[in-house]
Amino acid sequence: MMSNQKRSGMVLINSILIIMVAIMIVGYTNKLIGEQISGYQQLDEIYLRQIDKKIHKSNKIAVED
């Protein structure tokens, strides 16, 4: 039979391990979300450039007429 000190020590160690794993999971998730946000920001910039090019083309056409 385990003494109360050993039992509480094991509970403490298990709790610390669970917290460490949770922190690692949160960190990894934040990294993934950050990468996705950066990818979407790059896409936004590409789309904005394409929209600007189309607007400039349409203005040129309108001016020529």
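Let me begin by describing the structure that accompanies this report.

Calculation notes
Residues numbered from 1 in each chain as written. Predicted model: local features only at pLDDT ≥ 70, side-chain atom pairs only at ≥ 80, totals over all residues. Heavy atoms only, no water. Helix = DSSP H or I, 4+ residues; strand = E, 2+ residues; numbered from the N terminus. Buried < 20%, exposed > 50% of the residue type's maximum accessible area, 1.4 Å probe, protein only. Areas by Shrake-Rupley, 256 points an atom, 1.4 Å probe, with all protein chains shown as cover. Patch = residues over 30% accessible without salt bridge, like charges linked within 9 Å, V, L, I, M, F, W, Y side chains within 5 Å. Salt bridge = Lys/Arg side-chain N within 4 Å of Asp/Glu carboxyl O. Lys, Arg positive; Asp, Glu negative; His and termini not counted. Charge placed at Lys NZ, Arg CZ, Asp CG, Glu CD.

### Thoughts on the overall build of the protein chain
The number of helices and strands found in the protein chain is one helix and zero strands. Expressed as a percentage of its 65 residues, the buried residues of the protein chain come to 0%. When the accessible surface of the protein chain is split by element, carbon and sulfur atoms take 66% of a total near 6400 Å².

### A short note on a nonpolar patch on the surface
Taken together, the side chains of Tyr40, Leu43, Ile46, Tyr47, Leu48, Ile51 and Ile55 define a hydrophobic patch exposed on the protein surface, amounting to about 690 Å² of accessible area. Checked against the element boundaries, Ile55 lands in helix H1 (residues 4–64). For Ile55, a relative accessible area of 41% gives the class partly exposed.

### Brief notes about a positive patch on the surface
Together, Arg49, Lys53, Lys54 and Lys57 make up a region of like positive charge exposed at the surface. Along the chain, the position of Arg49 falls in helix H1. What makes Arg49 partly exposed here is its relative accessible area of 49%.

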